[in-house]
Amino acid sequence: MKNKNNITFSRRNFIRTSTLATGGLLVGFNLFNACKDTATPPIDVSKLNFNEFNAFIKIADNGYVTLYSPNPEIGQGVKTSMPMIIAEELDVPWEHVTVEQGNLDTKNFQRQVAGGSQSIRFGWDVLRQTGATTKQMLINAAALKWGVEAATCSASKGIITNAKGETLGYGDVVNEAAKLEIPENVTLKLPKDYTIIGNDAINVDIDKIITGKPLFGLDYKVEGMSYASVARPPAFGQKIGTFDATDAKTVNGVSDVIQFGDKIAVIGKNTWSAMKGKKALKIDWINDNKLESTEDHHNELNKILNSKKLNVRRDDGNVDKAFASADKIIERIYESPFLPHNCMEPMNFYAHVSDAKVHLVGPIQTPAGTASRVAKLINRDEADIHLEMTRMGGGFGRRLYGDFVMEAAEISNITKLPIKVVFSREDDMAAGIYRPAIKYRIKAALKNGKITGYHLKEAAINSNMYGLIPNFFPAGAIKNYRVESGNYKSDITTGAWRAPYTNFLAFAEQSFFDELADELNTNPVQLRLDLLSNVQDGKDDSIEYSAKRMTDTIKLAAKKSNWGQTDSNTYQGFSAYYSHNTHVAEVVDISLSNGLPIIEKVTVAVDCGIVVNPTGAKNQIEGGVIDGLGHAMYGDFTFKNGKPQDINFNTYRLIRMKETPIVETHFVKNNLSPTGLGEPGLPPAGGALANAIKAATGQLLTKQPFIKNLDRRKTDLNA
Amino acid sequence: MATYSINVNGKNKSVTADDDTPLLWVLRDELNLVGTKFGCGIGQCGACTVHVDGVAVRSCSVPAANLKDVKITTIEGLSNEELHPVQDAWKALDVPQCGYCQAGQIMTATSFLKQNANPNATEIREAMHRNICRCASYNRIEKAVALAAKKMS
Ligand code: FES
Ligand code: FES
């Protein structure tokens with residue numbers, strides 16, 4: 001045992017313990033990466049050192065447990081579900097657990113990022129190990145106190161029991177436990193013994209949310225801070241020419257107007273004065289090159305689809321031969337527009353750059369990367385940067401990008417004021433980093449009633465589908481299979497948007513399969529099952545999905561939705577997609593009214609492994625599905641001379657209550673490690689809706705948003 | 001710039017602000033009541049909903065200076081020790097995702113249920129239609145309003 005200053009080290013390289021100044025045990029650990037050998041947990045909770053650890057468990061001497069949850073909360077529920085996993089293995093009653101956001105973070109963590117629905121998947125092992133190890137430490141401490149073998153003791157619900165039936169609470173042995181060696185090989189619970197995992201746990205922040213407590217970045221305040229409203233080029237491709245701030249400076253409450261790069265910040269003593277001041281600026285925006293419009297994007301993307309020089313992303317079998325010998329070739333082009341994220345909480349960030357340090361506070365999904373970018377931008381030591389995360393009013397990918405943090409830091413660096421940059425909705429919708437506009441051309445070769453070749457081309461703005469996507473279904477299910485991609489570099493900025501690429505790719509493919517099913521005279525569900533039966537799990541390591549899990553998921557959705565057995569006024573559409581390690585199948589039920597589809601119900605089957613928190617999991621699926629339907633139906637975002645044509649909710653349409661269906665979620669039951677849920681519910685939704693509309697009216701929808709492309713005469717005719 | 005007094009959550013508060021300052025920003029920036037949220041600033045999303053004499057109003061779209069002789073209630077003043085039955089229902093059904101829109105949703109729902117204590121599903125959907133939830137927690141909002149109505153009757 002190596003014991004110095006109350007702090008015990010172990011070979012185990014992700015946990016350190018210490019006693020607390022106030023009595024109790026503090027366990028520091030690192031999710032996602034091992035901490036350095038020299039890392040020591042602080043003795044004082046008020047000084048939790050998130051430089052060395054990104055997560056802590058505090059067990060007070062009354063047995064109550066506080067978990068300092070490491071991952072930023074954007075609404076995906078990890079602040080509740082990750083602590084549940086620790087509490088399960090630690091074996092404490094959930095009612096004795098409180099959760100605090102570990103809001104401070106710096107360079108030492110690889111993954112303090114909420115994105116890609118990966119938090120739970122990466123955290124699963126470490127969280128369980130940490131909980132179980134801590135529990136064993138407490139048992140060992142109790143055994144020592146009793147003078148018995150630890151193996152004769154057990155613990156459950158925060159109570160340790162020995163062979164004689166004597167008991168000690170966790171709180172009774174915390175001080176002793178902190179001095180012991182950290183046990184090495186602990187046994188984890190079997191899923192059948194779970195009492196917390198798999199049971200509904202209400203969002204840990206619920207009381208604060210429903211009573212309006214300050215939680216979000218926009219709510220953060222510091223005495224004497226100023227507000228900044230920033231004028232950015234209104235059209236992509238523009239720069240600042242000249243400007244006149246005379247009027248802006250006369251606005252009550254405006255204290256300063258500064259230029260930085262091609263932007264101008266109006267600084268005021270409150271949000272309203274800063275926003276008003278910005279409106280009073282007179283700015284002459286200029287451009288060297290032609291500004292882009294939606295028409296230009298169509299032309300450029302079409303050129304790419306027609307070009308022979310695309311990037312081959314996967315090429316199985318002999319696609320050219322399959323098409324040359326086909327009985328019939330089916331080909332379709334699918335189109336989607338740019339989309340803004342429109343997080344409900346507009347982008348904002350607080351910065352105070354002083355000689356001593358750089359203090360940054362706000363909603364950001366990538367604290368570590370952003371802190372180091374700020375350091376570079378304003379030429380400071382990374383050690384000076386002190387970044388605190390707040391709860392986020394939605395993310396959807398937008399808060400992976402720290403543009404608004406950079407702005408806040410730059411303005412504060414120039415003015416040396418504590419300031420908060422606040423985007424208006426118009427700023428937020430016009431500032432860029434959109435889901436890129438994309439076109440897919442998909443071709444299938446049919447021969448003897450089978451799909452013998454598949455060729456997909458992606459033409460996207462700025463960048464293409466990421467590495468693994470070409471290995472998603474139907475890769476592996478069709479012998480001759482090719483995916484190619486190319487992009488057009490645009491002035492319009494783009495980025496990740498909830499389920500990047502697959503949010504539209506799934507629509508394109510799943511609509512296309514429906515058409516192929518018609519062509520082959522097969523039931524659309526059966527067509528997918530047949531294709532999946534060509535895949536042997538594990539045979540080809542590059543294939544990302546599991547055919548078995550997908551098959552089970554599809555069957556569950558078909559069963560729960562009464563696929564094919566609805567009344568004559570209901571039309572169904574099917575879609576299934578694997579993304580972010582989770583398998584999802586959806587059936588949309590619609591009826592028709594006044595030429596428009598009424599989405600009545602969506603039945604969803606999900607295989608995400610063990611469901612940690614069913615209420616939270618269902619919430620994610622409900623949200624993802626309705627989000628997917630809403631954007632497929634209404635999401636429209638066009639440009640004229642570089643300018644987005646809609647910049648607030650009066651003309652940019654988001655789905656609202658009356659347009660929403662009931663979402664019914666069913667989970668495939670298994671004991672596999674959990675995977676994420678923030679994104680996978682979304683991709684299949686648009687395709688399932690398009691397929692339902694096709695079933696009702698015969699119209700093939702290949703372009704989003706549907707509302708702009710629906711042939712209402714057709715829907716009337718069949719209504 | 002003018003100084004005037006408004007009644008918020010049962011207390012008279014003195015405010016010094018430009019005449020055109022929307023109630024939203026007076027609440028958030030001057031009175032430190034940040035539970036009322038900013039979503040669009042143009043009356044389209046409902047994140048900023050408060051009660052003026054018990055009726056749901058978009059605080060981004062009315063200047064505070066026009067509200068001198070009325071009683072304003074914000075999410076912070078909706079309940080005291082005990083949660084309002086609507087808040088209770090929100091909790092029972094675990095409604096929020098990111099949570100940002102929920103204060104506005106709750107303020108819309110409470111004022112609606114005051115006018116219609118026994119709503120049917122269509123009336124609930126109609127009443128809540130003007131509040132956007134970008135996370136699309138709509139299913140649960142709908143169920144929570146129905147549950148609250150049941151609890152209150
Ligand atoms: S902020 Fe008032 S309605 Fe959107
Ligand atoms: S819960 Fe996120 S906007 Fe409604």
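Calculation notes
- Residues numbered from 1 in each chain as written.
- Chains lettered and ligands numbered in written order.
- Predicted model: local features only at pLDDT ≥ 70, side-chain atom pairs only at ≥ 80, totals over all residues.
- Heavy atoms only, no water.
- Helix = DSSP H or I, 4+ residues; strand = E, 2+ residues; numbered from the N terminus.
- Rg over C-alpha atoms; globule rule 2.2 N^0.38 Å.
- Buried < 20%, exposed > 50% of the residue type's maximum accessible area, 1.4 Å probe, protein only.
- Contact = heavy atoms within 4.5 Å.
- Areas by Shrake-Rupley, 256 points an atom, 1.4 Å probe, with all protein chains shown as cover.
- Lys, Arg positive; Asp, Glu negative; His and termini not counted.
- Charge placed at Lys NZ, Arg CZ, Asp CG, Glu CD.
- Domains from an automatic or database assignment.
- Buried area = accessible area lost by both parts, 1.4 Å probe.
- Salt bridge = Lys/Arg side-chain N within 4 Å of Asp/Glu carboxyl O.
- pLDDT = per-residue confidence, 0-100.
- Axes fitted to C-alpha atoms, helices over the stretch in contact; angles between N-to-C directions.
- Parallel < 35°, antiparallel > 145°, perpendicular 65-115°, else oblique.
- Left-handed = near helix turned anticlockwise from the far one by under 90°.
- Core = buried A, V, L, I, M, F, W, Y, C linked by side-chain atoms within 4.5 Å.
- Polar contact = N/O pair within 3.5 Å; in protein donor to acceptor, adjacent residues only side chain to side chain.
- Nonpolar A, V, L, I, M, F, W, Y, C, P; charged D, E, K, R; others polar.

### Some words on the overall build of chain A
On a plain count of helices and strands, chain A comes out with 18 helices and 31 strands. Computed over its C-alpha atoms, the radius of gyration of chain A comes to 28 Å, within 12% of the 27 Å expected for a compact globule of 719 residues. Reported as C-alpha extents along the three principal axes, the dimensions of chain A are approximately 80 × 70 × 45 Å. Counting over 719 residues, chain A shows a buried share of 63%. In chain A, the share of contacts with a sequence separation of at least 24, taken over all contacts with a separation of at least 6, comes to 75%. Surface exposure of chain A reaches about 26500 Å², of which carbon and sulfur atoms provide 47%. When the 83 positive and 80 negative side-chain charges of chain A are each reduced to one mean point, those points stand 2 Å apart.

### Quick notes on the domain arrangement of chain B
All names here are of chain B. With domains assigned, chain B is organised as domain 1 (2–77) and domain 2 (85–152). Taking the mean C-alpha position of each, domain 1 and domain 2 sit 21 Å from one another. Between domain 1 and domain 2, the residue contacts involve 18 residues of the former and 13 residues of the latter. On the domain 1 side of the interface with domain 2, the three residues burying the most area are H51, R58 and I75, jointly 36% of the side's total. Across the domain 1-domain 2 interface, the total number found is 0 salt bridges.

### Quick notes on the confidence of the model for chain A
Residue and element names in this part refer to chain A. Scored by pLDDT, chain A has a mean of 91; 91% of the residues are at 70 or more. Note on residues 1–11: pLDDT under 50 across the span, and 33 contacts to partners over four residues away in sequence or across chains. Every residue in residues 104–114 scores below 50 in pLDDT, and together they form 52 contacts with partners more than four places removed in sequence or on other chains.

### Here's the deal with the packing of helix 13 (residues 524–532) of chain A against helix 14 (residues 547–560) of chain A
A pair of packed helices is captured by two measures, namely the crossing angle of their axes and the spacing between those axes. All names here are of chain A. Relative to each other, helix 13 and helix 14 sit at 165 degrees, their axes nearing to 10 Å. Taken together, the axes of helix 13 and helix 14 are roughly antiparallel relative to one another. Considering how the two elements wind past one another, helix 13 and helix 14 form a crossing that is left-handed. Taking contact as the criterion, the partners of V525, R528, L529 and L532 in helix 13 are, on helix 14, A547, M550, T551, I554, K555 and A558.

### Concerning the nonpolar core
Counting residues in hydrophobic clusters, the biggest one holds 189 residues, and the most contacted among them are L360(A), I411(A), Y440(A), I451(A) and W90(B). For this core, the element with the most residues is helix 12 (residues 502–519) of chain A, which contributes 9 residues. Core analysis: the second largest hydrophobic core is formed by 47 residues, L25(A), M84(A), L90(A) and V174(A) among them.

### Some words on the interface of chain A and chain B
The interface is formed by 63 residues belonging to chain A together with 52 residues belonging to chain B. Taking both partners together, chain A and chain B bury about 5100 Å²; carbon and sulfur atoms supply 55% of that area. Of all residues in chain A, M344(A), R656(A) and M657(A) give up the largest surface area on contact with chain B, accounting jointly for 16% of the area buried on that side. Scanning the region where chain A abuts chain B turns up 8 salt bridges. With its nearest N and O atoms 3.1 Å apart, the salt bridge here joins D627(A) to R134(B). Our enumeration of links across chain A and chain B arrives at 39 residue pairs in polar contact (both at pLDDT 80 or more). Counting residues per element, the ones that place at least two in the side of chain A that touches chain B are helix 4 (206–211), helix 6 (271–279), helix 11 (425–430), helix 15 (614–634) and strand 31 (662–667) of chain A. The biggest single contributor to the side of chain A that touches chain B is helix 15 of chain A, with 10 residues. For the side of chain A that touches chain B, a count of residues per class yields 27 nonpolar, 21 polar and 15 charged.

### Some words on helix 6 of chain A
Within helix 6 of chain A, 7 of the 9 residues are buried, which leaves it mostly tucked inside the rest of the structure. Here helix 6 of chain A has its buried residues at T271(A), W272(A), S273(A), A274(A), M275(A), G277(A) and K278(A).

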